[in-house]
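Observations on the three-dimensional arrangement
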Amino acid sequence: MTKAQPIEHRVGRKRGLRAVAVGAALLMNFLIAALPAQAAPSGLPAAHPARMRLPVPTGRFPVGEVTLHLADTSRHDPWHPAQDDRELMVSVYYPTTRAAGRPTAPYMLPRAAAHFDSVTAIDYLGMDVPRGRADWAATVTHAAQGAPVAHGHRKRPVLLYAPGLGEPRTWGTTLVSDLASRGYVVVTVDNTYESPEVEFPDGSLATMVTPGGPDAFIRKALTIRDADTSFVLDQLGSVDSGRNPDVDGRPLPRGLVGTLDLSRVGMFGHSLGGTATATAMDADPRISAGINMDGNLTNYDGTPMPVAEHGLTRPFLLMGKDGQTDTGPGWAAFRAHTPGWNRQLRLRGSEHASFTDAESLLPQLGLAPVTLKHDIGTIAPAAAVRTNEAYVSAFFDHWLRGTHGHLLDGPSPRYPDMEFVD
């Protein structure tokens, strides 16, 4: 159990503090089996927090970004039933050709960044990053806020990104931005009250509810994520038809209307987000292809999840860390029962967080080598980032764009760190 932490809940737009004890260790065991032995302390916080930079996207387009505040008026918030609507924050990343002069999208908003630094990074994600060592709000992204969408003769395929348990939607910005630079529209989703921190446009902060029993919490979280995912897809349909669903009426980027091809939708996620990708595909046939990056398909009680017991008919890719990638029979059962295309890959020398921005950001913090090995493994950070980008983009290029570069056919000398699992 972690220490009790003050977390602020946003209910009916009012804020209040209460201390809770979060069973983070139990929940993370569900996601990543047992964590490695705790790394040695990496020192005191720096006098001046580090300002980090994300890797530059590799595609031919600059990247634009817009944030949307969405409200599902058809349901009360399932975590706080007294709240009339289910409110979500999502970010839309897309290709642009006119980024010059636009402000750069922040990596995290100030209050969310402060909570991430003081609670999330250490207590939820288990990283040994001293509080105050990093300036998460000042991290440099490569997305231009509100830039117009790049013109094109065809509509663009849409991807949904689902973060892991205890991770904000921004924790996958490197991979998300790279996909947008390759011509995709990518939507990242925070699942309010399960996400560690969500900052809304009015400055209020919603933080994770008390998990309680891990089995019940995970099952409920996945059910809610499935509903959230379908709702977001509905809202994207509204955007494409010309309606602005943003609760606060902030303008959409020029060119976004009419550019979303919702007949070509993919989804990918890390940890519980990878689990949610499989369950959302099972629940919503609009999602054509999915990737699970190191997320369980085994229930907390050790039984395979329903989606693992009957599989999927649409293409699905499993990407795992080096070593055990599931706490039980879930992945094996899923592959055995999936009649559709599927592959399992293993990133050599990686850890659970190697599929997130931890891989590119933590090495910039001057942490001890033993700490970096604990958090992101032994693979060279640049190799991990570029290998992940290559295989994720190759998968979606094949199944959503119809291009076949053979990268998923077998091992490649260009990416020797990626192993194919029989």
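Above this text you will find the structure in question.
Heads up: these notes are all about the structure in this document. These numbers come from a predicted model, not from an experiment.

1. Let's talk about the packing of helix H3 (residues 173-181) against helix H10 (residues 381-401)
Contact geometry of H3 with H10 gives a least axis separation of 10 Å together with a crossing angle of 50°. Here H10 runs oblique to H3, going by the angle between their axes. Crossing handedness for the pair H3 and H10: right-handed. Contacts between H3 and H10 involve Thr174, Leu175, Asp178 and Leu179 from the former and Val385, Arg386, Asn388, Glu389, Val392 and Ser393 from the latter.

2. Focus on the nonpolar core
Note on soluble globular proteins: their nonpolar side chains tend to be buried together. Grouped together as the largest cluster of nonpolar side chains are 58 residues, with contacts concentrated most on Val187, Val232, Leu236, Leu297 and Phe334. Sort the elements by how many residues they give to this core and helix H4 (residues 214-241) lands first, with 10 residues. Here Leu297 is in contact with Thr275, Ala278, Asn292, Pro304, Met305, Val307, Ala308, Leu318, Asp326, Gly330, Trp331 and Phe334, once residues within four sequence places are set aside. With 35 residues, the next largest nonpolar core counts Tyr93, Ala289, Ile291 and Ile379 among its residues.

3. Notes on unusual backbone geometry
One non-glycine residue with positive phi stands out, namely Tyr193, at about 75°. Relative to the elements of secondary structure, Tyr193 occurs in the loop between strand E7 (185-190) and strand E8 (197-199). Using a relative accessible area of 0% as the deciding quantity, one classes Tyr193 as buried. Positive phi, close to 60°, is recorded for Ser271, a residue that is not glycine. Assessed through its relative accessible area of 1%, Ser271 is described here as buried.

4. A few points about helix H7 (residues 330-337)
Looking only at H7, the buried set comprises Gly330, Trp331, Ala333 and Phe334. One side of H7 carries all its buried residues, which in axial view fall inside an arc of 165°. In this structure, H7 carries Ala332 and Ala336 as exposed residues pointing more than 90 degrees from its buried face. On its buried face, H7 is in contact with strand E11 (287-293), helix H6 (306-310), strand E12 (316-320) and strand E13 (342-347).

5. Here's the deal with the pattern of salt bridges
Where charged atoms from two side chains of opposite charge approach closely, those side chains can pair. Scanning the model with the defined rule gives 20 salt bridges in all. For Arg86, the salt bridge identified is with Asp228, shortest N-O distance 2.8 Å. With Arg86 in strand E4 (residues 86-95) and Asp228 in helix H4, the pair connects residues that are 142 residues apart, well separated along the chain. Residues Asp261 and Arg264 are paired through a salt bridge, measuring 2.7 Å at the closest nitrogen-oxygen approach. Look at Asp261 and you get buried, because its relative accessible area is 14%. Assessed through its relative accessible area of 21%, Arg264 is described here as partly exposed.

About the cut-offs
Residues numbered from 1 in each chain as written. Predicted model: local features only at pLDDT ≥ 70, side-chain atom pairs only at ≥ 80, totals over all residues. Heavy atoms only, no water. Axes fitted to C-alpha atoms, helices over the stretch in contact; angles between N-to-C directions. Helix = DSSP H or I, 4+ residues; strand = E, 2+ residues; numbered from the N terminus. Parallel < 35°, antiparallel > 145°, perpendicular 65-115°, else oblique. Left-handed = near helix turned anticlockwise from the far one by under 90°. Contact = heavy atoms within 4.5 Å. Core = buried A, V, L, I, M, F, W, Y, C linked by side-chain atoms within 4.5 Å. Buried < 20%, exposed > 50% of the residue type's maximum accessible area, 1.4 Å probe, protein only. Arc of directions from axis to C-beta. Salt bridge = Lys/Arg side-chain N within 4 Å of Asp/Glu carboxyl O.

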